[in-house]
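Secondary and tertiary structure notes
This is what each chain is made of:
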Amino acid sequence: MRAEEVYDWLIASSSSSAADAFDVHVAASIIGLAFAEAEEEGRDRLDAVGLDRAAFLDLAAILFPACAPVLAAQVDPRAIEVTPEERSVRDILGIYSSDAGRLQTHFIAMISRRCQSPHHLWQDLGLRSRAELRELMTRRFAPLARKNSQDMKWKKFLYRMVCGSEGFTLCAAPVCSDCDEFHICFGAEDGESRLARNARAVAANGNEPIALPEAAE
């Protein structure tokens with residue numbers, strides 16, 4: 001199951017949802033990439049997403065109601081382990097959240113889990129560009145986006161917030177402009193969308209598309 005196929009399937013099944021189109025796009029991007037990673041790495045799908053079964057199916061009911069029954073049959077009711085580090089990221093996102101609804105809780109959990117992956121955050125969320133990540137953070141975590149006024153890389157910024165809240169010093173530089181490693185925190189986050197990269201690799205290898213179950217009408 002390839003990431004871009006899962007994404008397209010979820011988007012097609014969202015037509016009966018009244019949810020915001022950008023929220024649908026972000027969630028489909030995360031789930032598509034997480035499912036593909038899980039299959040490739042032999043991991044549990046929900047472990048890659050960062051939601052337990054109940055939360056995942058609630059997300060599906062909100063954003064992808066037509067395929068919620070299919071998704072229910074594809075995920076196991078096993079517990080999701082959350083490390084102290086990941087919990088700290090969840091706490092920061094919760095403190096600076098623009099919303100207190102169920103959907104926001106699910107986004108916080110998914111973003112925090114994807115922060116544990118090794119690429120730029122926008123890539124590990126399956127988004128098309130860093131600009132989409134900025135839009136996500138501005139819409140759903142407006143107070144946090146305002147704090148990141150210098151446009152620090154989001155993973156660096158989130159962990160800096162975590163360290164500050166827990167009384168640690170992240171670096172010794174008095175101000176960022178004096179730091180010898182300025183580019184590490186503020187440099188360009190160039191690169192290719194991981195969904196686009198997967199699609200390009202599939203095309204180059206000539207693989208046949210995988211048939212996904214049809215969503216209910």
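Look above for the structure.
Now for a description of the structure that goes with this document. Keep in mind that what you see is a predicted model, and the values were worked out from it rather than measured.

Rules behind the numbers
Numbering of residues begins from 1 in every chain and follows the order in which that chain's sequence is written. Note on the predicted model: pLDDT of at least 70 is required for a residue's local features to be given, and 80 or more for side-chain atom pairs to be given and counted; whole-chain, interface and lining totals, by contrast, use all residues. Note: side-chain values were computed over all heavy atoms of the structure, leaving out hydrogens and water. Helical segments are the DSSP runs of H or I of at least four residues, strand segments are the runs of E of at least two, and each set is numbered from the N terminus. Each residue's exposure class comes from its accessible area (1.4 Å probe, protein chains only) as a fraction of the maximum for that residue type: buried when under 20%, exposed when over 50%, partly exposed otherwise. The contact rule is simple, with two residues in contact once any of their heavy atoms fall within 4.5 Å. Here the open area of atoms and residues is found with the Shrake-Rupley method and a 1.4 Å probe, where only the protein chains shown may cover a residue. Each Phe, Tyr or Trp ring (for Trp, its six-membered ring) is paired with any other whose centre lies within 6.5 Å, and the angle between the two planes then decides the class: stacked below 30 degrees, edge-to-face above 60, tilted in between.

Scanning the protein for helices and strands turns up 13 helices and 0 strands. For the protein, the α and β elements follow one another from N to C terminus as α-α-α-α-α-α-α-α-α-α-α-α-α. Out of the 217 residues in the protein, the part that is buried amounts to 49%. Here the analysis covers contacts within the protein between residues at least 6 apart in sequence; of these, 72% occur between residues at least 24 apart. Within the structure as shown, the protein displays about 10700 Å² of accessible surface, and the carbon and sulfur contribution to it stands at 52%.

This next bit is on the packing of aromatic side chains. Going through the model one piece at a time under the given rule, you end up with 2 aromatic pairs. Aromatic pair Phe 35 and Phe 56: ring centres 5.9 Å apart, planes at 35°, arrangement tilted. In this pair, Phe 35 sits in helix α2 (residues 21-41) while Phe 56 sits in helix α4 (residues 53-63), placing the two residues 21 residues apart along the sequence. The exposure class assigned to Phe 35 is buried, which follows from its relative accessible area of 1%.

All quantities given are derived from atomic positions and should not be read as evidence of function.
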